[in-house]
Amino acid sequence: MHVSVPFDAALFLQALVTVVVVMDPFGNVPVFLSMTRSYSPGRRRRAAGQASLVAAGVILAFALFGQGILRVLGISLTSLQVAGGLLLVLIALELLRPWESGAEPAGGGAAPGPGEANIALVPLGTPLLAGPGAIAATMLYMQRAGSVAGALSVVLALVVAVAVVYLFLRYSALLARVLKANGISVLSRVMGLLVAAIAVQLVATAVEQWVRHGVT
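This report concerns the structure included in the present document. Every value quoted in this text rests on a predicted model; they were computed, and no experiment measured them.

Time to look at the environment of Tyr166. Relative to the elements of secondary structure, Tyr166 occurs in helix α7 (residues 148-170). Residues Tyr166 and Ser52 lie 114 residues apart in sequence; the distance between their C-alpha atoms is 5.7 Å.

Let's shift gears to the nonpolar core. In terms of nonpolar packing, the biggest core is built from 54 residues, with Met23, Ile59, Leu88 and Leu129 touching the most fellow members. When residues of this core are traced back to their parent elements, those giving at least two are α1 (9-23), α2 (25-35), α3 (41-73), α4 (77-96), α5 (120-129), α6 (132-145), α7 and α8 (172-213). At nine residues, the largest contribution of residues to this core is made by α1.

So, on to the side chain of Asn28. Position of Asn28 relative to the elements: it lies in helix α2. We classify Asn28 as buried; its relative accessible area is 8%. Leaving out residues up to four positions away in the same chain, Asn28 has contacts with Met23, Leu128, Leu129 and Leu169.

Pairing between side chains of opposite charge can happen when their charged atoms approach one another. The tally for this structure, following the rule as stated, stands at one salt bridge. With a closest N to O distance of 2.9 Å, Arg212 and Glu208 form a salt bridge. Pair noted here: Arg212 and Glu208 are both in helix α8, with a separation of four residues, about one helical turn.

This part covers a nonpolar patch on the surface. Nonpolar side chains collect at one region of the surface, where Phe62, Ile69, Val72, Leu73 and Ile75 lie side by side and expose about 470 Å² of accessible area between them. Following the sequence through the fold, Phe62 ends up in helix α3. For Phe62, a relative accessible area of 33% gives the class partly exposed.

What α5 keeps buried is the set Ala120, Leu124, Gly125 and Leu129. The buried residues of α5 occupy one face: seen down the axis, they fall within an arc of 85°. Looking at the buried residues of α5, the elements they touch are α1, α2, α3, α6 and α7.

Scoring rules and cut-offs
Residues numbered from 1 in each chain as written. Predicted model: local features only at pLDDT ≥ 70, side-chain atom pairs only at ≥ 80, totals over all residues. Heavy atoms only, no water. Helix = DSSP H or I, 4+ residues; strand = E, 2+ residues; numbered from the N terminus. Core = buried A, V, L, I, M, F, W, Y, C linked by side-chain atoms within 4.5 Å. Buried < 20%, exposed > 50% of the residue type's maximum accessible area, 1.4 Å probe, protein only. Contact = heavy atoms within 4.5 Å. Salt bridge = Lys/Arg side-chain N within 4 Å of Asp/Glu carboxyl O. Patch = residues over 30% accessible without salt bridge, like charges linked within 9 Å, V, L, I, M, F, W, Y side chains within 5 Å. Areas by Shrake-Rupley, 256 points an atom, 1.4 Å probe, with all protein chains shown as cover. Arc of directions from axis to C-beta.

Structure, rendered in structure tokens:
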């Protein structure tokens, strides 16, 4: 007997592109390398895996339970959409801001010694990867899903997005050698433009809803 699996391809692609762009794997490569520069290759691989798992867990928790939190706080989806759009604008500005190859990237710092806290959990896993923008975007798509098929599509998009980020972190040293500082900077700015466009679309859609139905 053939059993069809519920799936919303359009929602999956929208959520996947948005989350990947917001998590910015290109831009996080130099940050990750900076914060793990004293690590051995094996320890760096483990840090990439741990950071990705933490990010996935945090975003998934908000995706599943975020709607309940909004109901308790009395926050509408439209208000969340505007807030998410504004957060994405801030992220876009960070991505579009040039950084010097010899300077410390934002969020960077000296790598911890053996007795220090695991930076793969904080700040790499959260808030660097699972930041407000990624959390807000995922919650928006979960609320937009409206069905089991849509919700499963968003969760699958999140899993794929985290897998993409993990691969970038896992092979960050190779990417840095191939792309060089200028290549990473160009790709980060392209992603910044995409994030800005997504932010404008979110805010514009929310304003349209307010104009048609009023602020609730």
